[in-house]
Amino acid sequence: MTTPRGRFITFEGIDGAGKSSQIAAAVERLRAAGREVVQTREPGGTPLGERLRELLLHEPMHLETEAILMFAARREHLAVVIEPALARGAWVVSDRFTDATYAYQVGGRGLAEPRFDTLEQWVHGGLQPDLTLLFDLDPTEAARRLAGTGQAPDRFEREQVDFFARVRDAYLRRADAAGGRVRVLDAARPIEALRAAVLAEVDAL
Ligand code: TYD
């Protein structure tokens, strides 16, 4: 008998859109339903990936270097964590995946789209998440929320509102092109209403 493959769920959105607490709620829901859940994040998710994350979040670099390192961390993440988990029937919940590279590196930084396509094809060919929840929020509101956390901003969080406006537009374009995989959630709603929307999507899957 072969074990059925697990499901792959990703959470996306601009910095400050409020993914974190909602990811915890989704994971809790799946575990309560008896699923084995692997909760992870990008860039990161493996010891090597977490070291690359440190560089990516704090070290200035060329935009193509940034994109290649994002995909290098992802290659490792897929090989060591995501693929084995899905193969044994576990559900994988990741805070960000390749849609973030499209949004931040192509949309935000201006990476040429063919470069992105090549890297995506190389690193994960046909594999895409089964479900992506995109937290959509006005960048000015997101900046306001980030400022309220009092934490020191990283290299991305220090970007201006116009950068995040481009990231948001790229996310929405990618969602449009994804043919139903990406659900756009209005993240301006009260936290409880947003949570209900997240759990409804998870339950449906
Ligand atoms: P994030 O996941 O928001 O973590 P935290 O909530 O701890 O700040 O931070 C990761 C940052 O990396 C975020 O600003 C988006 C950026 N990023 C990219 O630019 N490209 C990518 O492919 C990924 C996965 C993340």
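Quick notes on the rules
Residues numbered from 1 in each chain as written. Predicted model: local features only at pLDDT ≥ 70, side-chain atom pairs only at ≥ 80, totals over all residues. Heavy atoms only, no water. Pairing = 2+ DSSP bridges. Helix = DSSP H or I, 4+ residues; strand = E, 2+ residues; numbered from the N terminus. Axes fitted to C-alpha atoms, helices over the stretch in contact; angles between N-to-C directions. Contact = heavy atoms within 4.5 Å. Near = heavy atom within 4 Å. Polar contact = N/O pair within 3.5 Å; in protein donor to acceptor, adjacent residues only side chain to side chain. Areas by Shrake-Rupley, 256 points an atom, 1.4 Å probe, with all protein chains shown as cover. Nonpolar A, V, L, I, M, F, W, Y, C, P; charged D, E, K, R; others polar. Expected span 1.5 Å × (residues − 1). Bend = angle between axes of the 7 residues up to and from the residue. Parallel < 35°, antiparallel > 145°, perpendicular 65-115°, else oblique. Left-handed = near helix turned anticlockwise from the far one by under 90°. Buried < 20%, exposed > 50% of the residue type's maximum accessible area, 1.4 Å probe, protein only.

**Quick word on the sheet that holds strand β4 (residues 131-136)**
Here is step 1 of the chain: Taken together, five strands build an open sheet; the order of strands is β2-β3-β1-β4-β5 and the sheet is parallel. The strands lining the two open edges of the sheet, one partner per strand, are β2 (37-41) and β5 (182-186). Across this sheet, the average inter-strand angle for adjacent strands is 20 degrees, counted without regard to direction.
Here is step 2 of the chain: Here β2 pairs with strand β3 (residues 91-95) via five bridges, running parallel. Counterpart to T40 in the pairing with β3 is S94.
Here is step 3 of the chain: Each of β1 (8-13), β4 and β5 touches helix α7 (residues 161-177); the most contacted strand, β4, lies at about 145 degrees to it.

**Focus: the site of the ligand**
Here is step 1 of the chain: Every one of the 17 residues lining the ligand counts as a neighbour, but D15, R53, R96, T101 and Q105 are closest to it.
Here is step 2 of the chain: One of the side-chain nitrogen or oxygen atoms of R53 is found 3.1 Å away from an oxygen atom of the ligand.
Here is step 3 of the chain: Protein burial of the ligand: of its 550 Å² of free accessible surface, 87% is covered by the chains.
Here is step 4 of the chain: A per-class count over the shell around the ligand returns six nonpolar, two polar and nine charged.

**Comments concerning helix α3 (residues 63-87)**
Here is step 1 of the chain: For α3, spanning 25 residues, the distance from its first C-alpha to its last is 34 Å, which sits close to the expected 36 Å at 1.5 Å a residue.
Here is step 2 of the chain: At L78, α3 shows its strongest bend, of approximately 50 degrees.
Here is step 3 of the chain: Just downstream of α3 lies G89, where phi reads positive at about 95 degrees.

**Details of the packing of α3 against helix α5 (residues 113-124)**
Here is step 1 of the chain: In contact at an axis separation of 10 Å, α3 and α5 are set at 15 degrees when each is read in the N-to-C sense. By the angle between their directions, the pair α3 and α5 is classed as roughly parallel. Of the two elements, α3 crosses α5, and the hand of that crossing is right-handed. Listed contacts from α5 to E64, A67, I68, F71, R74, R75 and L78 of α3 are R115, F116, L119, E120, V123 and H124.
Here is step 2 of the chain: Of the residues contributing to the contact of α3 with α5, the split by class is seven nonpolar, one polar and five charged.

**Overview of unusual backbone geometry**
Here is step 1 of the chain: In this structure, the amide linkage connecting E42 to the following residue, P43, adopts the cis form with an omega of -10 degrees.
Here is step 2 of the chain: Summarising the element assignment, P43 is placed in the loop between β2 and α2 (47-58).
Here is step 3 of the chain: Residues other than glycine seldom take positive phi values, yet R96 does so here, at roughly 80 degrees.
Here is step 4 of the chain: Assignment of secondary structure puts R96 in the loop between β3 and α4 (98-109).
Here is step 5 of the chain: The buried category is assigned to R96, whose relative accessible area is 12%.

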